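Examining the three-dimensional arrangement
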Amino acid sequence: MVTLKKRKVFIGLGSNLGDREANLKAALRLIERQDVTVVRISSLYESEPLGVAEPQPPYLNAVAELQTDLPLTELLELLEAVERQLGRTEKGGSQPRPIDLDILWAEGERVQSERLTVPHPRLWERAFVLLPLSELVSQLEGVSVPEAAKRLAKVQKVYLMRQD
């Protein structure tokens, strides 16, 4: 195993089945362990599902800042295990789900593989990610996160549900 220094990683959380807020909280509890610390969590936002053919419930979304030295492939495995533990049976597609966890960005790292791309390939296309992310960081990749979020929020319906 390659040992990395602890670095900042942002993950997106979403849920549109069951008790959405409880699902997000449970995911964060399961993610946090000896080698992963949840540093900060954004406010909660509600958004309409994007790119779905069949109607489905709205998502509750948040972004969390983690501190970890896990290689990103191991972090991905951890996130997928948490998704399965919380009842997600299929990965990919646009079906409703109790939990969806995505690695959005990792400090000092870029990954492009069949299983994982970091920064997330649709990071800059999703207001439901950029609005909560803008609470935690002002710039990523040389781009103003609040400005990008504001532009997308004009065309994508995302609502602040609760500030923590």
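Attention here is on the structure that accompanies the text. These figures come from a predicted structure and were not determined experimentally.

Structural notes on the overall build of the chain
The number of helices and strands found in the chain is 4 helices and 10 strands. Taken against the 2.2 N^0.38 rule, which gives 15 Å for 164 residues, the C-alpha radius of gyration of the chain at 15 Å falls within 12% of a compact globule. Taking the principal axes of its C-alpha atoms as reference, the chain extends roughly 45 × 35 × 35 Å. Considering the chain as a whole, with its 164 residues, one finds that 49% of them fall into the buried category. Restricting the contact set of the chain to residue pairs at least 6 apart, pairs at least 24 apart contribute 69%. Just so you have it, the chain exposes about 8700 Å², and 50% of that area is on carbon and sulfur atoms. Side-chain charges in the chain split into 22 positive and 24 negative, and the spacing between the mean points of these groups amounts to 3 Å.

Overview of the pattern of salt bridges
Close approach of charged atoms allows side chains of opposite charge to pair. Scanning the model with the defined rule gives 10 salt bridges in all. Note that Arg 7 is salt-bridged to Glu 109, the shortest N-O span being 2.4 Å. Remark: Glu 109 occurs in the loop between β5 (100–106) and β6 (111–112) and Arg 7 occurs in strand β1 (residues 7–15); sequence separation between them is 102 residues. Several salt bridges share partner residues, and in doing so they unite Glu 83, Arg 88, Arg 97 and Asp 100 into one network.

With respect to the layout of surface pockets
Taken as a whole, the largest pocket spans an internal volume of roughly 780 Å³. Looking at the largest pocket, it is lined by 37 residues, and the ones nearest its centre are Asp 100, Asp 102, His 120, Arg 122 and Arg 126. Of all the secondary-structure elements, those providing two or more residues to the lining of the largest pocket are β1, β4 (59–68), α2 (72–85), β5 and α3 (127–136). When residues of the lining of the largest pocket are assigned to their parent elements, the largest contribution, 4 residues, is made by β5. When the residues that make up the lining of the largest pocket are grouped by side-chain class, the tally is 14 nonpolar, 11 polar and 12 charged.

Observations concerning helix α1 (residues 20–31)
Taking 1.5 Å per residue as the helical rise, α1 with its 12 residues ought to reach 16 Å, and the 17 Å between its terminal C-alpha atoms agrees with that figure. Among the residues of α1, those classed as buried are Arg 20, Asn 23, Leu 24, Ala 26, Ala 27, Leu 28 and Ile 31. Contact partners of the buried residues in α1: β1, β2 (36–41), β3 (44–47), β4, α2 and β5.

A look at the packing of α1 against α2
Contact geometry for α1 and α2: axes closest at 10 Å, N-to-C directions at 135°. Comparing their axes, α2 and α1 come out oblique. Classified by chirality, the crossing of α2 by α1 is right-handed. Of the residues in α2, those in contact with Ala 27, Leu 30 and Ile 31 of α1 are Leu 78, Leu 79, Val 82 and Gln 85. A class-by-class count of the residues in the contact of α1 with α2 yields 6 nonpolar, 1 polar and no charged.

Looking at α3
Residues that lie three or four places apart on an α-helix share one face, since the helix turns once every 3.6 residues. The buried fraction of α3 amounts to 8 of the 10 residues, a majority that puts the element mostly inside the structure. Turning to α3, its buried residues number three or more, namely Ala 127, Phe 128, Val 129, Leu 130, Leu 131, Pro 132, Leu 133 and Leu 136.

Concerning the pairing of β3
Here β3 shows two buried faces, one formed by Leu 44 and Glu 46 and the other by Tyr 45 and Ser 47. Pairing between β3 and strand β10 (residues 158–162): 4 bridges, direction antiparallel. Looking at the pairing, Leu 44 lines up with Arg 162 of β10. With 3 bridges joining them, β3 and β4 adopt antiparallel strand pairing. Considered in β4, the bridge of Tyr 45 is made with Asn 61.

Things to note about the pairing of β5
Among the 7 residues in β5, 7 count as buried, and that is most of the element. Where β1 and β5 come together, 6 bridges link them in antiparallel fashion. Bridge assignment links Val 9 to a residue of β5, and that residue is Ala 106.

Conventions adopted
Residues numbered from 1 in each chain as written. Predicted model: local features only at pLDDT ≥ 70, side-chain atom pairs only at ≥ 80, totals over all residues. Heavy atoms only, no water. Helix = DSSP H or I, 4+ residues; strand = E, 2+ residues; numbered from the N terminus. Rg over C-alpha atoms; globule rule 2.2 N^0.38 Å. Buried < 20%, exposed > 50% of the residue type's maximum accessible area, 1.4 Å probe, protein only. Contact = heavy atoms within 4.5 Å. Areas by Shrake-Rupley, 256 points an atom, 1.4 Å probe, with all protein chains shown as cover. Lys, Arg positive; Asp, Glu negative; His and termini not counted. Charge placed at Lys NZ, Arg CZ, Asp CG, Glu CD. Salt bridge = Lys/Arg side-chain N within 4 Å of Asp/Glu carboxyl O. 1 Å grid on protein atoms, 1.4 Å probe; cavity = no way out; pocket = protein on both sides within 12 Å on 5 of 7 lines; lining within 4 Å. Points joined across faces, edges and corners; volume = space filled by probe spheres on them. Nonpolar A, V, L, I, M, F, W, Y, C, P; charged D, E, K, R; others polar. Expected span 1.5 Å × (residues − 1). Axes fitted to C-alpha atoms, helices over the stretch in contact; angles between N-to-C directions. Parallel < 35°, antiparallel > 145°, perpendicular 65-115°, else oblique. Left-handed = near helix turned anticlockwise from the far one by under 90°. Pairing = 2+ DSSP bridges.

Purely geometric numbers; function is a separate question.
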